[in-house]
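The lines below spell out each chain.
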Amino acid sequence: MKLGLPISVVLHVAFIGGTALHWGGEVVVKDELRIIPVEIVNISDISSAPRPAPVPTPKPDAPEPIEEAPIEEAPIEEEPIEEAPPVQNVEPDVGVDDAPPELAKIAPVVAESDSPKPFTTSELNTETETVTETVTAAVEENVTAKPKKPASLEDLFGLTQSTTQDYAENNESGLSRTQSEKNREQIDMAAREGELSTSYEDAVMRRVYNQWQIPAGAPDMESLVVTVVVDLSSEGRVTSARLSKDSASKAASDPFYNSAANSAIRAVNKAETFEFLPYDQYAKWQSMTLTFYPKNAPSSVPT
Amino acid sequence: MIRTFLFACILALSVAINSSASAQISIDITKSEIEPTRIAIPEFLRQGAGASPYNKDIADVISADLERSGLFEPLNRSAFVETQTSLDFEPVWQSWRVIDAEVLVSGRVVEQDANTITVEYRLWDVFGNRQLDAARLRTPKENWRRIAHKISDRIYNALTGEKGYFDSRIVYISEDGPKTERRKRLAIMDQDGANQIYLVGGSDLVLTPRFHPNKQRIAFLSYETGRPEVFLMDIATGNRERLGRFDGMTTSPQFSPDGKNLLMTRMVRGNSDVFSYNAASGKLKALTKSPGIDTSPSYSPDGRKIVFNSSRGGKPQIYVMNADGSGVKRISFGSGRYTAPSWSPRGDKIAFTKSEGGKFHIGVMDVDGSNERLLTGSYLDEGPTWSPNGRVLLFTRETRGGQPYVWSVDLTGRNLRKVETGGSASDPAWGPTLK
């Protein structure tokens, strides 16, 4: 018993000494191969940038004064280009709402002007075929539903400019945006024809689907099923998107689940407004539960 | 009796409450399509004359890192609406939503003194109106690329839940010269192809470099004594040493996760078996004793299992055994020949090379051999090695009559790319992330 300590000490010294001799040798660090440390301080907890009071309905043309101030006294102003763009570019975006009436007038000329017929849900699922017809009809519907102040010629010009530019710059995003537009318009149509009960759920599903990025490549990805409870205003705007109790507790313990949960919430926030939801049934949809199921793509042998 | 009745009443009531609560609409969304996250990375702000050009360069390296992962789509800066002039306030969310940016990275480079820069960075969730991560990093100016990689790692981690792998290095065999007189040199570079350096001259043939799990040390095979033997090398000092003197040839070195043992294959009189070499004692221990060829061992990340390939059943197949050599179990049963298994650092997958029908594939399977999935296929694809987070594989691809190059592929089979190595290269091994 008393020998234990000395033996242990001797063995430790022998082991350390042996290892030192074994791995040792002169240490001549080549400069180019030296690993220079990076000192990191996590500041996310201690200094989150000040945020303005939560505004559920963002107003694009009224930035919070808190952000205006530093812009004026900014230390770096070498690049003169930077001042102008924000103002310019906001305009076409604001114009988007105003423009559809004008477009609607032009659209019928291009599209085949079949009189719109009622859509069943199955027809809604075959997106491509019904699109041309619904675009015109739905846009017309838009006009009657919410009358807007007429867009000026400049607005319209600005819009066409910005959209063609957008499409040229980023074809993909352009496509996806029009796709979701189309979906909405299809649903508007269906809503008018009294197909409410199934189609608007389908429309919510599609809108969120388009915005959702699945947690690809995470271990056991298909088990990362996230449930989000969404509260909506009577206009269909998302007022809160939070994890279900069960999902929240999983997110707290598993970083992969947490990032899957974040992406689900982001998808709902990106969808922003489900303006096609029927007002008279608000009681039914004011709170919804969305469940996100990521699936592995079917595997195929590469050639 | 009354108690039971009361209990039944409460139960019935709670069921009723539950069912009334679930009367709200629930919608299921199922998706398998993978789309990259749209990320905006403007040039960083700068403070002090010496902060330039790091403010642009760091943003560019982050952008390139994330783009290469295949999970992010950095947006074109010319489309940005807002130009942030301060890092101390939230961005104008709407101006980033307009361009469909889902996350925004903003940063500031401050020249601390003539030699040092401090970089502050913030990651914003544009549609969630919140900050996801923020950090301040300081280092000598010449080390700026590592700051960029560290920030990439943090962004990757915050958005995928997985550790990043950008602040890491790759060793590989650089090849040049004609086929008959090939010069093979041990080389190292950053994960993104920057800072390429030759570690060993090129007079002797070197093969299969493998990284120590956490030290800047590698094991590799060299013919410098006239026959293949395993050597160890300290990357920073360039010191190298032969790993003991053993009968026969030693090949396929692979460190244990704690770095204390080294697996290797020893070949004596045509029979090769897997051995474990203890760095402290210098002793070799035989783990397999079959008459066939047992080779390419690789530890599981917990160090308790070893995967290897063996021809004991005829064609080479993949087997798993305990770290002491007991409990050998075959896990691959497909047609074709399976070689070079490598256990993922995440523990959930085993990567391998498979040849079948005149073609070579890199594939992955679960550790019990199920869910086999081939990720690539070509004239010659071989030797997969995992990124430190078990998310990406590097391998050697050679075309018929062509030169070998290092390629990478995601473990889901997406994002197949050639890795920039300057010239021809083979036998890549991905090192641990730097501290």
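Anything mentioned here points back to the structure above.
First, a word on what this report is: a plain description of the structure on this page. Here the structure is a predicted model, which is why all the values come from computation and not from measurement.

It is worth spelling out the overall build of chain A at this point. Helices and strands together make up the secondary structure of chain A, namely 12 helices and four strands. The burial tally for chain A puts 34% of its 303 residues in the buried class. Excluding contacts between residues fewer than 6 apart, the proportion of contacts in chain A whose partners are at least 24 apart in sequence is 74%. Approximately 18000 Å² of chain A is accessible, and the part contributed by carbon and sulfur atoms is 58%.

Residues B:Phe44, B:Ile58, B:Ile62, B:Ile151 and B:Ile155 are the most contacted members of the largest nonpolar core, which totals 41 residues. Beyond its immediate chain neighbours, meaning those up to four positions away, B:Ile155 contacts B:Ile39, B:Ile62, B:Leu66, B:Val105, B:Tyr121 and B:Leu123. Membership of the second largest hydrophobic core comes to 36 residues, among which are A:Trp212, A:Ala241, A:Ala251 and A:Ile265.

The next subject is the environment of A:Tyr200. Among the structural elements, A:Tyr200 can be located in helix α9 (residues 196-211). C-alpha of A:Tyr200 to C-alpha of A:Trp285: the two residues are 85 residues apart in sequence and 9.9 Å apart in space. Not counting residues within four places of it along the chain, the set of residues in contact with A:Tyr200 comprises A:Phe276, A:Leu277, A:Pro278, A:Gln281, A:Lys284, A:Trp285 and B:Ile25.

Here we come to empty space enclosed by the protein. This structure, assessed with the given rule, holds five cavities of 30 Å³ or more. In this structure, the largest cavity occupies an estimated 250 Å³ of space. Lining the largest cavity are 20 residues, with A:Ile214, A:Pro215, A:Ala216, B:Leu159 and B:Thr160 sitting closest to its centre. The set of elements that each furnish at least two residues to the lining of the largest cavity consists of α11 (255-271) of chain A together with α4 (144-160) of chain B. A per-class count over the lining of the largest cavity returns 10 nonpolar, six polar and four charged.

Residues and elements named next belong to chain B. Across the seven residues of strand β28 (residues 392-398), seven count as buried, placing the element largely inside the fold. Residue alternation in β28 divides its side chains into two sets, Val392, Leu394, Thr396 and Glu398 and Leu393, Phe395 and Arg397, and both sets are buried. Pairing geometry for β28 and strand β29 (residues 404-410), over seven bridges, is antiparallel. Bridge pairing links Leu393 to Val409 in β29. Hairpin connection between β28 and β29: a loop of five residues separates the two successive antiparallel strands, and Gly401 in this loop has a positive phi of roughly 70 degrees.

In this section: the sheet that holds strand β17 (residues 271-278) of chain B. Residue and element names in this part refer to chain B. In spatial order, the strands read β15-β16-β17-β18; together these four strands make up an open sheet with antiparallel pairing. What marks the edges here is a single partner per strand, and that holds for β15 (249-255) and β18 (284-286). Taken over all neighbouring pairs, the strand axes of this sheet differ in orientation by 30 degrees on average, direction set aside. Pairing of β15 with strand β16 (residues 261-268) involves five bridges; the strand directions are antiparallel. Bridge pairing in β16 links Thr251 to Thr265.

Rules behind the numbers
- Residues numbered from 1 in each chain as written.
- Chains lettered and ligands numbered in written order.
- Predicted model: local features only at pLDDT ≥ 70, side-chain atom pairs only at ≥ 80, totals over all residues.
- Heavy atoms only, no water.
- Helix = DSSP H or I, 4+ residues; strand = E, 2+ residues; numbered from the N terminus.
- Buried < 20%, exposed > 50% of the residue type's maximum accessible area, 1.4 Å probe, protein only.
- Contact = heavy atoms within 4.5 Å.
- Areas by Shrake-Rupley, 256 points an atom, 1.4 Å probe, with all protein chains shown as cover.
- Core = buried A, V, L, I, M, F, W, Y, C linked by side-chain atoms within 4.5 Å.
- 1 Å grid on protein atoms, 1.4 Å probe; cavity = no way out; pocket = protein on both sides within 12 Å on 5 of 7 lines; lining within 4 Å.
- Points joined across faces, edges and corners; volume = space filled by probe spheres on them.
- Nonpolar A, V, L, I, M, F, W, Y, C, P; charged D, E, K, R; others polar.
- Pairing = 2+ DSSP bridges.
- Axes fitted to C-alpha atoms, helices over the stretch in contact; angles between N-to-C directions.

No statement about biological role is implied by the geometric values presented.
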